[in-house]
Amino acid sequence: MKNILHIISSPRGAGSYSIKLGKAVVDKLLQKYPDASVKEYNLVDQKFPHLEEAHINSFFTPAEKRTPENIEAIQHSDEAIAMIEEADIIVLGAPMYNFTIHSSLKAWLDHVVRAGKTFYYDEKGVHGLLGPKKIYLAVSSGNIYSEGPAATMDHVVPYLKDTLGFIGLKDITVFRIEGTSLPGQQESAVTKGIESISLN
């Protein structure tokens, strides 16, 4: 049985294109794996914490020396990493805000990318510890960034591919709903994005 994790990072609720696209990907996955389980985790609703000194201190304190304060501070990171470890497939919703990801998703990644836990270095370089898993990015944007003159301004997909790849999550497929702010293209953008979903 496949375990599917759907991460939501949009604050727009029912009006979110990335949520709509992510749910469409999950629906396709359930058609392919009808006995799969789905866990949905909304970073905005959960108010996932931004990285602070207490969190960083806890990361670099050996487990046997952690104080109750360290243990409390590290809880969000441990739980986020555990959810990834339990999942076979991750659907990651990523709306574009000011050319990059929403701050809730950045906060989540800051707790997930953790030395000694999700990656390590040796004389051969960096080694990610969380693969192999299948990742589907559900990306939404008001303009078109997959190609054309605005493509160089997309700091969502390149950043996520680099960051997830760093911790071993390299099998990534990207789906987009884009151009939703362009006159006359909203409806077709949604249709095109959902119709582009092809699982591999």
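All of these numbers come straight from a predicted model, not from anything done at the bench.

(A) Up close: the layout of surface pockets. In this model, the largest pocket occupies a volume close to 200 Å³. Along its surface, the largest pocket is lined by I144, S146, E147, R176, I177, E178, Q185, S188, A189, K192, G193 and S196. Of all the elements, helix α6 (residues 186-195) adds the most residues to the lining of the largest pocket, at 4 residues. Of the residues in the lining of the largest pocket, the class split is 3 nonpolar, 5 polar and 4 charged. Roughly 170 Å³ of volume is contained in the second largest pocket. As for the second largest pocket, its lining consists of 14 residues, and the residues nearest its centre are M96, S140, S141, G142 and T180. Within the residue set of the lining of the second largest pocket, elements represented by two or more residues are α1 (17-32) and β6 (134-141). Residue composition of the lining of the second largest pocket, by class: 5 nonpolar, 8 polar and 1 charged.

(B) Seen up close, empty space enclosed by the protein. One pass over the structure, following the stated rule, counts 1 cavity of 30 Å³ or more. Taken as a whole, the largest cavity spans an internal volume of roughly 30 Å³. Taken together, I84, I90, L92, W108, I135, L164 and L169 form the lining of the largest cavity. Here the lining of the largest cavity is built from residues that sort into 7 nonpolar, no polar and no charged.

(C) Structural view of the pattern of salt bridges. Within this structure, the stated rule accounts for 6 salt bridges. Of the charged contacts, one joins R114 and D78 as a salt bridge, the two residues approaching to 2.8 Å between their closest N and O atoms. On the criterion of sequence distance, the pair formed by R114 in the loop between α4 (103-112) and β4 (119-122) and D78 in helix α3 (residues 68-86) is long-range, its members being 36 residues apart. When its relative accessible area of 27% is taken as the criterion, D78 is described as partly exposed.

(D) Examining the sheet that holds strand β7 (residues 171-178) more closely. Strand order in the open sheet formed by 5 strands is β2-β1-β3-β6-β7, with parallel pairing between adjacent strands. Each having just a single partner strand, β2 (37-42) and β7 make up the two edges of the open sheet. Neighbour to neighbour, the strand axes of the sheet diverge by 15° on average, direction disregarded. As defined by bridge partners, strand β1 (residues 3-8) adjoins β2 across 6 bridges and the pair is classed as parallel. Looking at β2, one finds that H6 is bridged to E40.

The rules behind these values
- All residue numbers here refer to positions counted from 1 along the written sequence of the relevant chain.
- The model is predicted, so local features are restricted to residues of pLDDT at least 70 and side-chain atom pairs to those at 80 or more, both for listing and for counting; the totals for chains, interfaces and linings are taken over all residues.
- Only hydrogens and water are set aside when side-chain values are computed; all heavy atoms of the structure are taken into account.
- Site definitions follow a grid-based scheme: protein atoms alone, a 1 Å grid, a 1.4 Å probe that fits but cannot get out for cavities, and for pockets an open set with protein on both sides within 12 Å along at least five of seven lines, plus lining residues having an atom within 4 Å of a point.
- Grid points are joined across faces, edges and corners, and a volume is the space filled by probe spheres set on the points.
- Each helix is a run of H or I in the DSSP string that is no shorter than four residues. Each strand is a run of E no shorter than two, and both are numbered from the N terminus.
- The nonpolar class holds Ala, Val, Leu, Ile, Met, Phe, Trp, Tyr, Cys and Pro. Asp, Glu, Lys and Arg form the charged class, and all remaining residues, Gly among them, are polar.
- Salt-bridge detection follows one rule: a side-chain nitrogen of Lys or Arg within 4 Å of a carboxyl oxygen of Asp or Glu.
- Per-residue accessibility, obtained with a 1.4 Å probe over protein chains only, is compared with the maximum for each type, and a residue is labelled buried under 20%, exposed over 50%, and partly exposed between these values.
- Strand pairing is defined by DSSP finding a minimum of two bridges between the two strands.
- Fitted lines through C-alpha atoms give the axes, limited to the stretch in contact for helices. The angle between two N-to-C directions lies from 0 to 180 degrees.

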